[in-house]
Structure formats: structure tokens, C-alpha cells
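Analysis of the macromolecular model
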Amino acid sequence: MTLRASLVQKFVGRERLQYARVVKLLVQRDLKIKYRGSVFGYLWSMVNPLLFMFLVSAVFGRIVNDIPNYNLYVLSGLLAWNMGSIAIVLGTQSIVLNAHLLRKVRLPMWVFPLVPLGASSTNFVLSLVPFSFLYAWSGVAPTFAMLALPVVLVLYALFITGLSLALSTLNVFFRDVGHVLEPVMQLTFYASPIIYARDAMAMPEGVRTLLAFNPFVHYIEAFRSCLVLGQLPSLAAFATLTALAGLSLSVGGFIYKKGKRKIIFNI
């Protein structure tokens, strides 16, 4: 065993390290299943956001003409949204769909909601490839604000983790959760600044305030600020992202701990 591996086991714990490997293997399994029999395979992860971006730009580009680099604006919002929405929708169903594994293998149930997050994060990284080409083609210069992007993504992943834990646990006892979630996420998409900007749109102040209660708004705007606008999110913005991630993890962990002993009897 290498020195690095022994240090990791010492500080992380051998058991948790094994669970991390299990998550990695399950992520690889899900990605292989998703692209099995596909000619282009992982290329679809890069192409799909681009296709949607071109469609949105063609339809709304002339209407929303006060947003510079609208293509980058839309694509950055789509990448952030896809990473979160796919992980949450699939994560909500993850425990129920893996009931056969839970009955055969002794694994903590929190492992399964993390798998869709790992898969969507992989797709997100792949999607950055065409985004980089579009970024270079648009002539936008990189800025130091990009250095804050990993912090935003970590906070976003923690927020998704907490939400997935809560919803996947609730879905075991109330299967309607999974059915209600998809239309809710569709409404949330339009309540998020993906194809429009909150500050650029002529909307009542009450609506603007109401949109601020959508947590995706803050993560998408922070992500876009670092990546496209070249502006570091304010300390207030980082405080909001941290508070949302902490609240999500706290609520998700509480719901999971309350229900984990009964889950195996309800799947």
C-alpha cells in the first residue's frame, strides 16, 4: 500500500473509502448502461446541451437581445441545471430501483442517491468540452473569477446530495414523491434564470423576489458569474450558497436517519 493510500485510509476511514469505491463502480455501471448500444456514446453528453442551446438561441435570441454572449449565457445555465435536475430526479428513485441490491448486499442506503450525482457530474465535465470551444469562438477572455468555480460546484453538489437524500427516503414511503417531482422540476426550470436574466427582464419586483426563493437561482447565477460574466460572486452570494447547502444536508440527513431503519421493510 502506498503512503498516500494509507494516509487516505487513516483520515477518511477504511469503511468509508470502500463505500466511495462502491459509488464509483455504480457510477461506471450506470454510464455504461446509459450509452450501451449507442454509436456516439459519451458524445451525446456533449451534444445534447448544445442542441438545446441553439434551439433556445434561435427562438429567444432576438427577444432577449440585451444579454451579451447569449449563447454562452444559455449554455452555462443549462449545464448547471442539467447537473442538478438529473441527479435529483434519478436520485429520488435510486433507493427504490436498487431494492434488489439492498436485499442481497449489505450497503448503506445513502450510497445510491450519490450515484446519479456522480453520473451527472461526469456528464457535466464532458459538457465543458464543447462549452470551451464555444467560449473560445465567442472571443471571451478567461478571468480570475473562474478560480472560484470549484467552490461553487462543491456547494452545489452538497445541496444536491442533501435534497436527494431527503427525496429518495420519502419516495420509499410515499411513491407519489417520484411522480410529483418531474412536473415540479419542469416548473422550476422556467423559474430559474436559464433563458433569461432576472435583472434584465421587465418583471414586477414581487415576482423577482419570489424567484429568489428558488435555490437553483443562486447556484446558476453564481456558476454563470464565475464562468461567463467574469465576476466573483459576492460574499453575500457565497453565504447564501453555503447556507442552502448546509440546510439541505441537515434536512436530508435528518429525514434519512429517521427513515433508514424502516426503508428495508418498505421497498
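In what follows, the structure referred to is the one given above.
Throughout what follows, the structure given in this document is the object of discussion. (Residues numbered from 1 in each chain as written. Predicted model: local features only at pLDDT ≥ 70, side-chain atom pairs only at ≥ 80, totals over all residues. Heavy atoms only, no water.)

**Topic: the overall build of the chain**
Of the regular secondary structure elements, the chain holds 11 helices and zero strands. Ordered by position from the N terminus, the helices and strands of the chain form the series α-α-α-α-α-α-α-α-α-α-α. Buried positions account for 45% of the 267 residues belonging to the chain. For the chain, contacts bridging at least 24 residues in sequence account for 79% of all contacts bridging at least 6. (Helix = DSSP H or I, 4+ residues; strand = E, 2+ residues; numbered from the N terminus. Buried < 20%, exposed > 50% of the residue type's maximum accessible area, 1.4 Å probe, protein only. Contact = heavy atoms within 4.5 Å.)

**Some words on the packing of aromatic side chains**
Counting across every chain of the model gives 10 aromatic pairs. Their ring planes at 65° and their centres at 5.7 Å tell us that Trp81 and Phe189 sit as a pair that is edge-to-face. Pair noted here: Trp81 is in helix H4 (residues 70-97) and Phe189 is in helix H8 (residues 176-190), with a separation of 108 residues, a long-range link. Each member of the pair, Trp81 together with Phe189, is buried. Arranged with centres 5.1 Å apart and planes meeting at 25°, the rings of Tyr156 and Tyr219 form a pair that is stacked. A residue pair is termed long-range when its members are at least 10 positions apart, and Tyr156 in helix H7 (residues 149-173) and Tyr219 in helix H10 (residues 215-229) qualify at 63 residues. For the pair Tyr156 and Tyr219, one class covers both residues: buried. Among the aromatic side chains, those forming a connected cluster through ring pairs are Trp81, Tyr156, Phe159, Phe189, Tyr190, Phe216 and Tyr219. Sitting over the ring of Tyr73, Arg224 keeps its end group 3.5 Å from the ring centre. (Phe/Tyr/Trp six-rings, centres within 6.5 Å; stacked < 30°, edge-to-face > 60°. Lys NZ or Arg CZ within 6 Å of the ring centre and 35° of its normal.)

**Overview of the environment of Leu227**
For Leu227, the position within the fold is in helix H10. Take Leu227: its relative accessible area is 8%, and that puts it in the buried class. With 81 residues separating them in the primary sequence, Leu227 and Met146 have C-alpha atoms 5.5 Å apart.

**Here we look at the nonpolar core**
In this structure, Phe131, Phe216 and Phe223 are the most contacted members of the largest nonpolar core, which totals 52 residues. Breaking this core down by element, the ones donating at least two residues are helix H3 (43-60), H4, helix H6 (111-138), H7, H8, H10 and helix H11 (235-263). For this core, the element with the highest residue contribution is H4, accounting for 12 residues. The residues contacting Phe131, other than those within four sequence positions of it, are Leu72, Leu75, Ser76, Leu79, Leu227 and Val228. Val23, Val27, Phe112 and Val115 belong to the second largest nonpolar core, which has 19 residues in total. (Core = buried A, V, L, I, M, F, W, Y, C linked by side-chain atoms within 4.5 Å.)

**A closer look at a nonpolar patch on the surface**
Residues Phe52, Leu55, Val59 and Phe60 make up a contiguous nonpolar surface patch of roughly 340 Å² in combined accessible area. Take Phe52: it is sitting in helix H3. (Patch = residues over 30% accessible without salt bridge, like charges linked within 9 Å, V, L, I, M, F, W, Y side chains within 5 Å. Areas by Shrake-Rupley, 256 points an atom, 1.4 Å probe, with all protein chains shown as cover. Salt bridge = Lys/Arg side-chain N within 4 Å of Asp/Glu carboxyl O.)

**Things to note about the side chain of Ser120**
Note on placement: Ser120 falls in helix H6. Since its relative accessible area comes to 4%, Ser120 is described here as buried. Each residue touching Ser120, except ones within four places of it in the same chain, is listed here: Met83, Ile86 and Ala87.

**Looking at H10**
The terminal C-alpha atoms of H10 lie 20 Å apart, and with 15 residues this matches the ideal 21 Å at 1.5 Å per residue to within 8%. With respect to burial, H10 is a largely interior element, 11 of its 15 residues being buried. Looking only at H10, the buried set comprises Phe216, Val217, Tyr219, Ile220, Ala222, Phe223, Arg224, Ser225, Cys226, Leu227 and Val228. Buried residues belonging to H10 abut H4, H6, H7, H8, helix H9 (205-211) and H11. Where H10 terminates, the next one or two residues include Gly230, which has phi positive at roughly 70°. (Expected span 1.5 Å × (residues − 1).)

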